[in-house]
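# Observations on the three-dimensional arrangement
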Amino acid sequence: MAAKLIKGTEIREEILEEITADVAEIKEKHGVVPGLVTILVGESPASISYVTLKIKTAHRVGFNEIQDSQPDDLSEEALLGMIDKYNKDDSINGILVQLPLPKHIDEKKILNAIDPDKDVDGFHPVNVGRLMIGGDEVKFPPCTPAGIQEMIVRAGVETSGAEVVVVGRSNIVGKPIANMMFQKAAGANSTVTVVHTRTKDLAAHCLRADILIVAAGVPGLVKPEWIKPGACVIDVGVNRIGEKISEKTGKKIAILSGDVDFDAAKEIAGYITPVPGGVGPMTITMLMKNTLKSLKFKLGIA
Ligand code: GUN
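All values derive from a computational prediction rather than experimental measurement. (Residues numbered from 1 in each chain as written. Predicted model: local features only at pLDDT ≥ 70, side-chain atom pairs only at ≥ 80, totals over all residues. Heavy atoms only, no water.)

### Quick notes on the pattern of salt bridges
To be explicit about the condition: One speaks of a salt bridge when a side-chain nitrogen belonging to Lys or Arg is within 4 Å of a carboxyl oxygen belonging to Asp or Glu. What counts as a helix is a DSSP run of H or I of at least four residues, what counts as a strand is a run of E of at least two, and both are numbered from the N terminus. Three exposure classes are used, based on accessible area relative to the maximum for each residue type with a 1.4 Å probe and protein chains only: buried under 20%, partly exposed in between, and exposed over 50%.
For the structure on display, the rule yields 19 salt bridges. Its salt-bridge partner being D84, residue K88 comes within 2.8 Å of it at the nearest N-O pair. On the criterion of helical spacing, the pair formed by K88 and D84 is a turn pair, its members being four residues apart in helix α3 (residues 76-88). Judged by its relative accessible area of 37%, D84 is partly exposed. The partner of K266 in a salt bridge is D263, and the shortest N-O contact between them spans 3.9 Å. Exposure remark for D263: the relative accessible area of 55% places this residue in the exposed category. What you see here is one network of salt bridges that share partners, running through E14, E18, E150, R154 and K289.

### A look at the nonpolar core
To keep it simple, the criterion reads: Buried Ala, Val, Leu, Ile, Met, Phe, Trp, Tyr and Cys residues that are joined via side-chain atoms within 4.5 Å together make up what is termed a nonpolar core.
Core analysis: the biggest nonpolar cluster contains 44 residues, and I19, I148, I213, I234 and M288 have the highest contact counts within it. Residue assignment for this core shows that the elements contributing at least two residues are α1 (8-30), α6 (143-154), β5 (163-167), α7 (174-182), β7 (211-214), β8 (232-235) and α10 (280-299). Tallying contributions element by element places α10 first for this core, with seven residues. Counting residues in hydrophobic clusters, the runner-up holds 19 residues, among them V167, L202, A209 and V222.

### Looking at the site of the ligand
Note the cut-off: Only heavy atoms are used to decide nearness, and a residue is near a molecule or strand if one of them lies within 4 Å of it. Each polar contact in these results corresponds to two N or O atoms within 3.5 Å; when the atoms are within protein, one needs to be able to donate a hydrogen and the other to accept it, and residues that are neighboring in sequence are counted only if both atoms are side-chain atoms. Polarity classes work like this: nonpolar for Ala, Val, Leu, Ile, Met, Phe, Trp, Tyr, Cys and Pro, charged for Asp, Glu, Lys and Arg, and polar for all others, with Gly in that last group.
Surrounding the ligand, one finds Y50, L96, V97, Q98, L99, D121, F123 and T283. Between the ligand and the protein, one listed contact pairs a nitrogen atom with a side-chain N or O atom of Q98 at 3.1 Å. L99 places a polar main-chain atom, nitrogen or oxygen, 2.9 Å from a nitrogen atom of the ligand. Per-class residue counts for the shell around the ligand are five nonpolar, two polar and one charged.

### Things to note about the packing of α1 against α10
For any two helices packed against each other, the geometry is given by the interaxial angle and the distance between the axes. Applied cut-off: All axes are obtained by fitting lines to C-alpha atoms, using only the stretch in contact for helices, and the reported angles, taken between N-to-C directions, cover 0 to 180 degrees. Here the angle decides the label: under 35 degrees means roughly parallel, over 145 means roughly antiparallel, 65 to 115 means roughly perpendicular, and every other value means oblique. Take the far helix as the reference: if the near one is turned anticlockwise from it by less than a right angle, the crossing is left-handed, and if turned clockwise, right-handed. Two residues qualify as a contact provided that any one of their heavy atoms is within 4.5 Å of a heavy atom in the partner residue.
One way to put it is that α1 packs onto α10 with a least axis distance of 10 Å and a crossing angle of 20°. What the angle tells us is that α1 and α10 run roughly parallel. Judged by the sense of rotation from one axis to the other, the crossing of α1 with α10 is left-handed. Residue-level inspection shows G8, T9, I11, R12, I15, L16, I19, D22, V23, I26 and H30 of α1 in contact with α10, the latter providing P281, M282, T285, M286, M288, K289, L292, L295, K296 and L299. Class assignment for the residues of the contact of α1 with α10 results in 13 nonpolar, four polar and four charged.

### Description of the packing of aromatic side chains
The cut-off we apply is this: In this scheme Phe, Tyr and Trp rings, the latter by its six-membered ring, pair at centre separations within 6.5 Å, and the angle between planes marks the pair as stacked below 30 degrees, edge-to-face above 60, and tilted otherwise. Distance and angle both matter: a charge sits over a ring if NZ of Lys or CZ of Arg is within 6 Å of the ring centre and within 35 degrees of the ring normal.
Counted by the stated rule, this structure contains one aromatic pair. Their ring planes at 80° and their centres at 6.1 Å tell us that F140 and F297 sit as a pair that is edge-to-face. You can see F140 sitting in the loop between α5 (125-133) and α6 and its partner F297 sitting in helix α10, a full 157 residues away along the chain. Classification of F140 as buried rests on a relative accessible area of 1%. For F297, a relative accessible area of 29% puts it in the partly exposed group. The ring of F297 carries K139 above its face, with NZ or CZ at 4.7 Å from the centroid.

### Some thoughts on the sheet that holds strand β3 (residues 64-70)
We count it as follows: Pairing between strands requires that DSSP locate at least two bridges from one strand to the other.
The three strands are arranged β3-β2-β4 in an open sheet whose pairing can be described as parallel. If you trace the sheet from one side to the other, it starts and ends with β3 and β4 (94-97), each paired once. Taken pair by pair, the neighbouring strands of this sheet meet at an average axis angle of 15°, ignoring direction. In this structure, strand β2 (residues 35-41) lies alongside β3, joined through seven bridges in parallel fashion. The residue of β3 that forms the bridge with L40 is S69. Of the strands in this sheet, β2, β3 and β4 are in contact with α3, which crosses β2 at around 175°.

### Some remarks on α7
For α7, a buried count of seven out of nine residues is recorded, marking the element as mostly surrounded by other parts of the structure. What α7 keeps buried is the set G174, P176, I177, A178, N179, M180 and M181. The inward-facing, buried residues of α7 abut α5, α6, β5, β6 (191-195) and β7.

### Observations regarding the state of the cysteines
The cut-off we apply is this: Sulfur atoms of two cysteines make up a disulfide when they are within 2.5 Å.
All chains considered together, the criterion is met by zero disulfides. The structure places no disulfide on C232, whose sulfur is separated from the nearest cysteine sulfur, that of C206, by 14 Å. Taking the relative accessible area as the measure of exposure, C232 reaches 1% and is therefore buried.

Encoded structure:
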């Protein structure tokens, strides 16, 4: 194997240790810890497992974590009322509404109701605008793109002047990561191209990339011959391609595959993220970082 593996599982440990130390210091100096509320509406198994991991991680780093689980038939009005309550609650620094929401609730309306200064997901239009402006304006970069940038930087990959090609233009990954990488900032200063379903020659663009970030949601979309030798390949895809019995637990678990043909790509790339264990673990990690940041902003120590 030619490529160096960029493991999210290892980088997560480094960052969570940094956060834990910061939380302890703030607690000692200021007598407070970050407060994070997670609102879960309904009982989707995927959402429950995601939220359970968030709670576990928040406890590990010393946050005050509130889990607010609500039935599937919760009205939009009631949810807006809950958000208003948490917006006004001084002990809460971060509000996260787990997505997707049940069909009868307007997701956009809910996300827009969260106080932008507690929007640790970074999904509120005010935070999207702040990200676009860049520099000191940025409060809460969205968690998955922030995790991607952190992985690239911590792996020691040069971003300044690098050709970055982003495959996919979603609001959650493609658009924000493209924006972050061309900013005049450390870990950025790249030349960015965004390619998508209407792009004429995907392969030609990918082949130019020093850093190739793939968030298309199509298993095996990126072929090994699309990768420039030595490139850094970040695979954001988490596609369920089947099921298997876990050796550890004996239970059925999903077989996951990324958007990149990993086995072949690792022989060509200089750096590559695995799936699972690559970008995935970074999202919750960066959520913790944003929640800590929120308290730091409030205390004037950010
Ligand atoms: N559902 C899946 N991922 C996420 C996330 O990052 N934030 C929220 N709010 N919901 C999600």
